[in-house]
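Chain by chain, the residues run as shown.
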Amino acid sequence: NSDVLPLVYLKIENKIFNAVKIVNFQPNKIFLEFEAPGEGILVFNDAFYSGWRGFMDEKEKKLFQVEDIFKGIDIEAGVHRAVFKYMPLFATPF
């Protein structure tokens, strides 16, 4: 079905790009590689929940809600590596 969104995708100028390679998928983290043709959003098609954090090119990026339910981070054009990690406050050292 062409109406089903991929698990992870790029959203650039309201267009969906299925150009993200899932390098490693674990229950609490997902490692990704992609080449973005322009500025936009990397979307993880999974429910936004506190405790998830986003990283791109080894730098933490602000994670925000996309379409009121999914999680995403802003991206720039170019080749990138990204990670979404679940790091709940109760498991994070002070």
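Residues numbered from 1 in each chain as written. Predicted model: local features only at pLDDT ≥ 70, side-chain atom pairs only at ≥ 80, totals over all residues. Heavy atoms only, no water.

### Remarks on the packing of aromatic side chains
In total, this model carries four aromatic pairs according to the counting rule given. A ring pair is formed by Phe44 and Trp52, whose centres lie 5.9 Å apart and whose planes are at 85 degrees; its orientation type is edge-to-face. Phe44 sits in the buried class, given a relative accessible area of 3%. Using a relative accessible area of 14% as the deciding quantity, one classes Trp52 as buried. A connected cluster of aromatic rings, assembled from ring pairs, spans Phe44, Tyr49, Trp52, Phe84 and Tyr86. Its end group placed over the ring of Phe44, Lys71 keeps NZ or CZ at 4.8 Å from the ring centre. (Phe/Tyr/Trp six-rings, centres within 6.5 Å; stacked < 30°, edge-to-face > 60°. Buried < 20%, exposed > 50% of the residue type's maximum accessible area, 1.4 Å probe, protein only. Lys NZ or Arg CZ within 6 Å of the ring centre and 35° of its normal.)

### Remarks on the side chain of His80
By secondary structure assignment, the location of His80 is in strand β10 (residues 78-86). From its side chain, His80 meets the backbone oxygen of Glu76 in a polar contact 2.9 Å long. Sequence-distant contacts of His80, that is, excluding residues within four places in its chain, are made with Leu32, Glu33, Phe34, Met56 and Asp57. (Helix = DSSP H or I, 4+ residues; strand = E, 2+ residues; numbered from the N terminus. Polar contact = N/O pair within 3.5 Å; in protein donor to acceptor, adjacent residues only side chain to side chain. Contact = heavy atoms within 4.5 Å.)

### Let's talk about the sheet that holds strand β2 (residues 15-17)
If you trace the five strands from one edge of the open sheet to the other, you get β2-β1-β5-β9-β8, paired in antiparallel fashion. Each edge of the open sheet carries a strand with a single partner, namely β2 and β8 (64-66). The sheet shows a mean angle of 40 degrees between the axes of neighbouring strands, direction not considered. Of the pairings in the sheet, the one linking strand β1 (residues 8-12) to strand β5 (residues 40-47) comprises four bridges and is antiparallel in character. Residue pairing for β5: Val8 is matched across the bridge by Phe44. (Pairing = 2+ DSSP bridges. Axes fitted to C-alpha atoms, helices over the stretch in contact; angles between N-to-C directions.)

### Quick look at the environment of Asn28
Among the structural elements, Asn28 can be located in the loop between β3 (20-26) and β4 (29-36). Under the relative-accessibility criterion, Asn28 is labelled partly exposed at 34%. Put simply, Asn28 and Asp74 are 46 residues apart on the chain and 21 Å apart in space, counted from C-alpha to C-alpha. Once residues lying within four places of it in the same chain are set aside, the contact partners of Asn28 are Trp52, Phe84, Lys85 and Tyr86.

### What to know about the pairing of strand β6 (residues 52-56)
Burial within β6 is extensive, with four of its five residues counted as buried. In the sheet, β6 pairs with β10 via five bridges, with the strands oriented antiparallel. Within β10, the residue paired with Arg53 across the bridge is Lys85. Relative to strand β7 (residues 59-61), β6 runs antiparallel, the two being bridged by three bridges. Considered in β7, the bridge of Met56 is made with Lys59. Hairpin connection of β6 to β7: two residues between the antiparallel strands, including Asp57 at a positive phi of 50 degrees.

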